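Okay, here's what each chain looks like letter by letter:
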Amino acid sequence: MPSGELMIAFFAATLLFAYMPGPALLYTAAQTVARGRRGGWLAALGLHVGGYVHVVAAALGLALLFKAVPVLYVALKFAGAAYLVWLGVQMIVSKPHAVERVPETKAKGPRRAFWQSVTVEALNPKTAIFYLAFLPQFTDPAASLPIWLQLLVLGTIVNIVFSSADVLCVLAADKITRMVRSSRAGGRILHRIGGSVLIALGVNIALDQN
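Residues numbered from 1 in each chain as written. Predicted model: local features only at pLDDT ≥ 70, side-chain atom pairs only at ≥ 80, totals over all residues. Heavy atoms only, no water.

Peer 1: Where do I start with the overall build of the protein chain in this structure?
Peer 2: Counting its regular elements, the protein chain contains eight helices and zero strands. Taken from N to C terminus, the helices and strands of the protein chain fall in the order α-α-α-α-α-α-α-α. Per-residue burial over the protein chain gives 43% buried out of 210 residues. Across the protein chain, contacts joining residues at least 24 apart in sequence account for 86% of those joining residues at least 6 apart. On the protein chain, roughly 10,800 Å² of surface is accessible, and the fraction owed to carbon and sulfur atoms is 72%. (Helix = DSSP H or I, 4+ residues; strand = E, 2+ residues; numbered from the N terminus. Buried < 20%, exposed > 50% of the residue type's maximum accessible area, 1.4 Å probe, protein only. Contact = heavy atoms within 4.5 Å. Areas by Shrake-Rupley, 256 points an atom, 1.4 Å probe, with all protein chains shown as cover.)

Following this line, the structure appears as structure tokens:
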């Protein structure tokens, strides 16, 4: 593995990127606001699982395809953006239920949040580019482990640290929304807020020139 000094720099940079407010934290917060704490946990878990798609891709060099074939990057970016907008619209038009009538643990919405989040993360080409640009800076060709294995280990660490930020986001968003979730009117407002955030994220991804 890389030297101790390099690993310290790696962890410092990873923490900085993980806890910097961005689309992933907004997405997790939106899912928590609209689907409750369990939905937030499953959304965070889905993002974590989806992140391993990019970790493996970076380790195998598959992310280089985005640089070699730009149209693939654009196609995946617009597919992910369209999916986020679709999720947002579905969230806004769906009928929320009051907590006392339909317990959160029995709702289908939270379970669905897991697979939606896996798809959202897997369809995010920027995550692939991030891993491709970030991880190689902290590898050591002279180390006993091969480069691909170093990338796999470092990518797994990054994914875990990013998920820790998602967990804190779920706790914070849940604390804020619990005060209004007990009413049907409050549930409608939360669904609209969550859906609007997802739509805004999708539009931002589609219009981003990078």
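Peer 1: Before we go on, may I ask you to explain the side chain of threonine 14 in this structure?
Peer 2: Residue placement: threonine 14 occurs in helix H1 (residues 4-19). Its relative accessible area of 1% is what places threonine 14 among the buried residues. Setting aside residues up to four positions removed in sequence, threonine 14 forms contacts with Phe134, Val158, Val161 and Phe162.

Peer 1: Would you take a moment to explain the pattern of salt bridges for this structure?
Peer 2: Any two side chains of opposite charge can pair, so long as their charged atoms come close to each other. Enumeration over the complete set of coordinates arrives at one salt bridge. Note that arginine 37 and aspartate 174 form a salt bridge whose closest N and O atoms lie 4.0 Å from each other. Separated by 137 residues along the polypeptide, arginine 37 in helix H2 (residues 23-60) and aspartate 174 in helix H7 (residues 147-177) bring together distant segments of the chain. Here aspartate 174 falls in the buried class, since its relative accessible area comes to 6%. (Salt bridge = Lys/Arg side-chain N within 4 Å of Asp/Glu carboxyl O.)

Peer 1: What exactly am I supposed to notice about the packing of helix H6 (residues 125-134) against H7 here?
Peer 2: A packed helix pair is summarised by two numbers, namely the angle formed by the two axes and the spacing between the axes. Axis separation between H6 and H7 bottoms out at 11 Å; the angle between their running directions is 125 degrees. When the interaxial angle is binned, H6 and H7 end up oblique. H7 is crossed by H6, and the crossing has right-handed handedness. Residues Phe130, Tyr131 and Phe134 of H6 pack against Gly155, Val158, Asn159 and Phe162 of H7. Split into classes, the residues belonging to the contact of H6 with H7 amount to five nonpolar, two polar and no charged. (Axes fitted to C-alpha atoms, helices over the stretch in contact; angles between N-to-C directions. Parallel < 35°, antiparallel > 145°, perpendicular 65-115°, else oblique. Left-handed = near helix turned anticlockwise from the far one by under 90°. Nonpolar A, V, L, I, M, F, W, Y, C, P; charged D, E, K, R; others polar.)

Peer 1: What is the right way to read the confidence of the model for the protein chain from this model?
Peer 2: Of all residues in the protein chain, 80% attain a pLDDT of 70 or more, and the chain-wide mean is 79. Within the protein chain, no element has a lower average pLDDT than helix H3 (residues 64-68), which sits at 68, and none a higher one than H7, at 91. A low-confidence stretch, residues 97-107 stays under pLDDT 50, and its non-local contacts, those more than four residues away or across chains, total 18 contacts. (pLDDT = per-residue confidence, 0-100.)

Peer 1: I tried to follow the packing of aromatic side chains on my own but got confused; where do I start?
Peer 2: Any two aromatic rings considered together are summarised by their centre-to-centre distance and by the angle between their planes. Enumeration according to the criterion identifies ten aromatic pairs in this entry. Residues phenylalanine 17 and phenylalanine 134 carry aromatic rings whose centres are separated by 5.6 Å and whose planes lie at 80 degrees to one another, so their mutual orientation is edge-to-face. Placement of the pair is phenylalanine 17 in helix H1 and phenylalanine 134 in helix H6, with a sequence separation of 117 residues. Look at phenylalanine 17 and you get partly exposed, because its relative accessible area is 37%. Judged by relative accessible area, which is 5%, phenylalanine 134 ranks as buried. Taking the centre distance of 4.8 Å and the plane angle of 80 degrees together, the rings of phenylalanine 114 and tryptophan 115 count as edge-to-face. Given the relative accessible area of 15%, phenylalanine 114 is considered buried. Every member of this aromatic cluster is reached through a ring pair, and the members are Phe10, Phe11, Phe17, Phe130, Tyr131, Phe134, Phe138 and Phe162. (Phe/Tyr/Trp six-rings, centres within 6.5 Å; stacked < 30°, edge-to-face > 60°.)

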